[in-house]
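An overview of the molecular structure
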Amino acid sequence: MQQAKLKEDRIHGDPLYPIRVYEIDCQPGEELLDLHWHDELEFLMLTKGSAVFRVSMEEYLLEAGEAIFVNAGQLHAGSIASDEPCSFKAVVFHANLLSGERFDLVWEKYIHPLLQQKYVTPVHIRPGGAKEEKELLELLEIVFQDNLNTSPLYELTTKANLQMMIAKLISLGGPSYREVPLASQPSQIDRIKRIIEYIQQNYSLPIRLEDLAALVSFSESYFCRYFKSITGKSPLVYLNGVRAQRAAYLLKDTDKKIMEISLDVGFNTLSYFIGVFKAHFGYTPSEYRKRERV
C-alpha cells in the first residue's frame, strides 16, 4: 500500500468539493498508517481485522466496525494488532465544507472551537456505545457508500450527513469548553512536527540524538522523554522505522542490491540493517523482496 507522507500534500477532493473517501487494505508486517497529519478533519472506520491507532498522545484498539475521529492538525498513525490482514475506510474533508461560504454562526459557535480542540469530543467511536455513536457510525457508512458509488445527489447528502456527524460528535462530549492540554497546544505540536519532518527529509544521512534535541533547544534526556510521550516511540526506534519503510519501497520497486539499499537509507552496516528490518517487518530484506514479488 502507498503510505501517506508525514505532512500530506495531496489534495483531498477539489476546491468545490473538498472531500475524499479512501479504502485501504494492509497485510501483516506492513505499517497500516504512517505517522502524519493534515489540515482536514477525518473519520476512519476499521472494516476488517484489528488495529491500534494513535491520535496525538493516546492509543486506541479498534475492532472491525469501530471508528476514530481525527481533528485537523493532529498527529495520527496506525498499526495492525494481529497476524491477520486489516482494512479500513476513511473520509477526509475540509472544515469549510461544514459551514457557509462566509463565516457564520455555525462556524463561530461550533466549527472553529472544534478545530481549536475546545470541545470535549470522543476519538474512539463504537457501535456498542451511546445511541449517538451508533447513529454516527450509520451516517459514516452512508457517506462511504454515497461517495464510492457516486450516488445521485451524493455531494448534497454528504455535506448534510457530515454536519449531522459533527453535531453528534459534539453532543457525545457535551457542549462544555476545555483548556487545550499542554502537550496538544500548537507550540508543543509544532516542535514534534519539526523534528519528524527533519527525520523524514534526512533519514539517509547520519542523524545524531544531539542534533534532534538541538532543533527544539532541549537536553538529550528531556528530548527523549518528550518525543516518546507524544509519538509512543523513542527517537531511534522512530528513525529506524522510517529507514525500514523506505528500504521496503526500494526492495519492492527496484533491483538494487540489499547492501546498496542499506546505505541508501542510512544504515552503515548490513547486519544492523537486516536486524532492524526483520524487527520491523518480521522478515529479512531478502525474504521480504521474495514475498513481495511472488
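A few points on the structure. (Residues numbered from 1 in each chain as written. Predicted model: local features only at pLDDT ≥ 70, side-chain atom pairs only at ≥ 80, totals over all residues. Heavy atoms only, no water.)

**Considerations on the pattern of salt bridges**
Within the structure shown, the criterion is met by eight salt bridges. A salt bridge links Arg-208 to Asp-211; the nearest nitrogen and oxygen atoms lie 2.9 Å apart. A residue is classified by how much of its surface remains accessible, and Arg-208, at 47% relative accessible area, is partly exposed. Through salt bridges with shared partners, a single ionic network connects Lys-131, Glu-135 and Lys-168. (Salt bridge = Lys/Arg side-chain N within 4 Å of Asp/Glu carboxyl O. Buried < 20%, exposed > 50% of the residue type's maximum accessible area, 1.4 Å probe, protein only.)

**Regarding the packing of aromatic side chains**
Centre distance and the angle of the planes are the two values used to describe a pair of aromatic rings. Per the counting criterion, the structure on display carries 15 aromatic pairs. Note on Phe-218 and Tyr-226: the rings are 5.1 Å apart at their centroids and 75° apart in plane angle, and the pair reads as edge-to-face. The same class applies to Phe-218 as to Tyr-226, namely buried. Members of the aromatic cluster, each reached through a chain of ring pairs, are Phe-267, Tyr-272, Phe-273, Phe-277, Phe-281 and Tyr-288. Just above the ring of Phe-267 sits the side chain of Arg-243; from NZ or CZ to the centre is 5.8 Å. (Phe/Tyr/Trp six-rings, centres within 6.5 Å; stacked < 30°, edge-to-face > 60°. Lys NZ or Arg CZ within 6 Å of the ring centre and 35° of its normal.)

**Looking at a nonpolar patch on the surface**
Residues Met-259, Leu-263, Leu-270 and Ile-274 make up a contiguous nonpolar surface patch of roughly 290 Å² in combined accessible area. Those elements that provide at least two residues to the nonpolar patch are α8 (258-264) and α9 (270-281). Looking at the secondary structure, you find Ile-274 in helix α9. On the basis of relative accessibility, which here comes to 30%, the residue Ile-274 falls in the partly exposed class. (Patch = residues over 30% accessible without salt bridge, like charges linked within 9 Å, V, L, I, M, F, W, Y side chains within 5 Å. Areas by Shrake-Rupley, 256 points an atom, 1.4 Å probe, with all protein chains shown as cover. Helix = DSSP H or I, 4+ residues; strand = E, 2+ residues; numbered from the N terminus.)

**Some points on the sheet that holds strand β2 (residues 33-36)**
One open sheet holds the four strands; their spatial order is β2-β7-β4-β5, and the pairing between them is antiparallel. Strands with a single pairing partner mark the edges of an open sheet, and in this sheet they are β2 and β5 (58-63). This sheet shows a mean twist of 20° between the axes of neighbouring strands, independent of strand direction. Here two bridges tie β2 to strand β7 (residues 76-80), and the two strands are oriented antiparallel to one another. The residue of β7 that forms the bridge with His-36 is His-76. (Pairing = 2+ DSSP bridges. Axes fitted to C-alpha atoms, helices over the stretch in contact; angles between N-to-C directions.)

**Looking at the pairing of strand β4 (residues 50-55)**
β4 sits mainly inside the fold: five of its six residues count as buried. Of the strand pairs in this sheet, β4 and β5 are connected by six bridges, and their pairing is antiparallel. Its bridge partner lying in β5, Val-55 is registered against Glu-58. Remark: two residues form the turn of the hairpin made by β4 and β5, two consecutive strands paired antiparallel; Ser-56 in that turn has positive phi of roughly 55°. By the bridge criterion, five bridges tie β4 to β7 in an arrangement that is antiparallel. Residue pairing across strands places Phe-53 opposite Gly-78, the latter belonging to β7.

**What about the side chain of Gln-74?**
Its location among the elements puts Gln-74 in the loop between β6 (67-70) and β7. The class of Gln-74 is buried, set by a relative accessible area of 11%. Here Gln-74 is in contact with His-36, Trp-37, Val-55, Ser-56, Phe-69 and Gln-117, once residues within four sequence places are set aside. (Contact = heavy atoms within 4.5 Å.)

Just distances and angles here, no functional claims.
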